[in-house]
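Now for the letters of each chain:
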Amino acid sequence: MTAKEIIDSLVKKKTNGEKISVEDLGKIVDTISVKDYVAGKNAVMVFYSGETEKFIENFSNDSGSFVRMINRTEAYKLLDDKKFKNILQYAIKCDNPNISTPEVIAQVEDILYDASRYENGKWIKTDGFWARISRRFAAETTGDAYSLCGTAAGDRIFAMDELPSWLKNAPDGAKMGGYTKATTTLYLL
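What you see is a predicted model, and the numbers here were worked out from it, not measured in a lab. (Residues numbered from 1 in each chain as written. Predicted model: local features only at pLDDT ≥ 70, side-chain atom pairs only at ≥ 80, totals over all residues. Heavy atoms only, no water.)

In terms of burial, strand β1 (residues 44-48) is a largely internal element, 4 of the 5 residues being buried. Sheet topology places β1 next to strand β2 (residues 67-68); 2 bridges connect them, and they run parallel. By the bridge assignment, methionine 45 is partnered in β2 with arginine 68. Relative to strand β5 (residues 145-148), β1 runs parallel, the two being bridged by 4 bridges. Its bridge partner lying in β5, tyrosine 48 is registered against leucine 148. (Buried < 20%, exposed > 50% of the residue type's maximum accessible area, 1.4 Å probe, protein only. Helix = DSSP H or I, 4+ residues; strand = E, 2+ residues; numbered from the N terminus. Pairing = 2+ DSSP bridges.)

Below is the structure:
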């Protein structure tokens with residue numbers, strides 16, 4: 001299903017007063033396509049974080065099938081849609097009818113944007129929806145990648161979820177910004 005079809009279905013359920021849970025939405029996030037249908041077979045993966053929306057939109061539009069980018073996936077379209085955020089708020093209230101509005105807003109932020117983190121020397125994988133689709137997207141990368149993440153903090157999804165997933169799944173000969181996986185890993189130590 002497309003993001004639009006999913007959102008239309010969820011809006012209909014909400015309008016009819018049917019219960020939607022955060023778990024239901026998580027299952028959708030875990031199954032919606034992370035395929036960039038514009039990208040060609042040998043497209044280079046481009047990760048980005050902290051860049052301006054307009055720059056990314058222009059770069060994505062101008063690069064055509066030569067690059068693979070998450071903003072051209074159904075998963076991105078779903079999570080980026082304001083209606084989805086509204087449905088997420090509804091689901092949080094369905095799960096916990098007595099929750100306050102400030103608590104709902106805080107939970108929406110956590111559910112959408114929580115990135116994995118290092119705690120006490122261990123990598124803690126979180127369930128933030130963006131982190132989940134980003135890990136899946138990075139895991140499907142089969143070749144070289146570049147990052148436009150110069151202004152991204154070390155605790156953002158690129159550093160905590162996408163890069164580790166790419167390092168784990170990309171073939172040994174793949175490069176990140178011209179550096180081999182081995183060299184990239186050394187810089188992370």
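That shown, we press on.
Bringing the packing of aromatic side chains into the picture now. According to the stated counting rule, one finds 2 aromatic pairs in the structure shown. On the numbers, 5.4 Å between centres and 70 degrees between planes, the contact of tyrosine 76 with tryptophan 130 is edge-to-face. One end of the pair, tyrosine 76, is in helix α4 (residues 74-80); the other, tryptophan 130, is in helix α7 (residues 129-139), and 54 residues separate them in sequence. As far as the burial class goes, tyrosine 76 and tryptophan 130 line up, both buried. Summarising the aromatic geometry, the rings of phenylalanine 84 and phenylalanine 129 are spaced 6.3 Å apart at their centres and angled 50 degrees between planes, so their arrangement reads as tilted. You can see phenylalanine 84 sitting in helix α5 (residues 82-95) and its partner phenylalanine 129 sitting in helix α7, a full 45 residues away along the chain. Each of the two residues, phenylalanine 84 as well as phenylalanine 129, counts as buried. (Phe/Tyr/Trp six-rings, centres within 6.5 Å; stacked < 30°, edge-to-face > 60°.)

Taken as a whole and judged by the stated rule, the model has 7 salt bridges. Lysine 4 is paired through a salt bridge with aspartate 8; the nearest N and O atoms lie 2.8 Å apart. Here aspartate 8 and lysine 4 lie together in helix α1 (residues 3-15), a separation of 4 residues that amounts to about one turn. For lysine 4, a relative accessible area of 58% translates into the label exposed. (Salt bridge = Lys/Arg side-chain N within 4 Å of Asp/Glu carboxyl O.)

Another point: the confidence of the model for the protein chain. When the pLDDT values of the protein chain are averaged, the result is 86; 92% of them are 70 or greater. At the level of individual helices and strands, the protein chain shows its lowest average pLDDT in strand β3 (residues 117-119), which scores 71, and its highest in α1, which scores 98. (pLDDT = per-residue confidence, 0-100.)

Contact geometry of α5 with helix α6 (residues 101-113) gives a least axis separation of 10 Å together with a crossing angle of 115 degrees. Seen from above, α5 lies across α6 with right-handed handedness. Contacts between α5 and α6 pair Phe84, Lys85, Leu88, Gln89, Ile92 and Lys93 from the former with Val104, Gln107, Val108, Ile111, Leu112 and Tyr113 from the latter. The class makeup of the residues in the contact of α5 with α6 is 8 nonpolar, 2 polar and 2 charged. (Axes fitted to C-alpha atoms, helices over the stretch in contact; angles between N-to-C directions. Left-handed = near helix turned anticlockwise from the far one by under 90°. Contact = heavy atoms within 4.5 Å. Nonpolar A, V, L, I, M, F, W, Y, C, P; charged D, E, K, R; others polar.)

Its place among the elements puts valine 22 in helix α2 (residues 22-31). Taking C-alpha positions, valine 22 is 9.4 Å from lysine 93, a pair spaced 71 residues apart along the chain. Residues within four places of valine 22 in sequence aside, it is in contact with Leu88, Ala91, Ile92, Asp95, Ile111 and Phe129.

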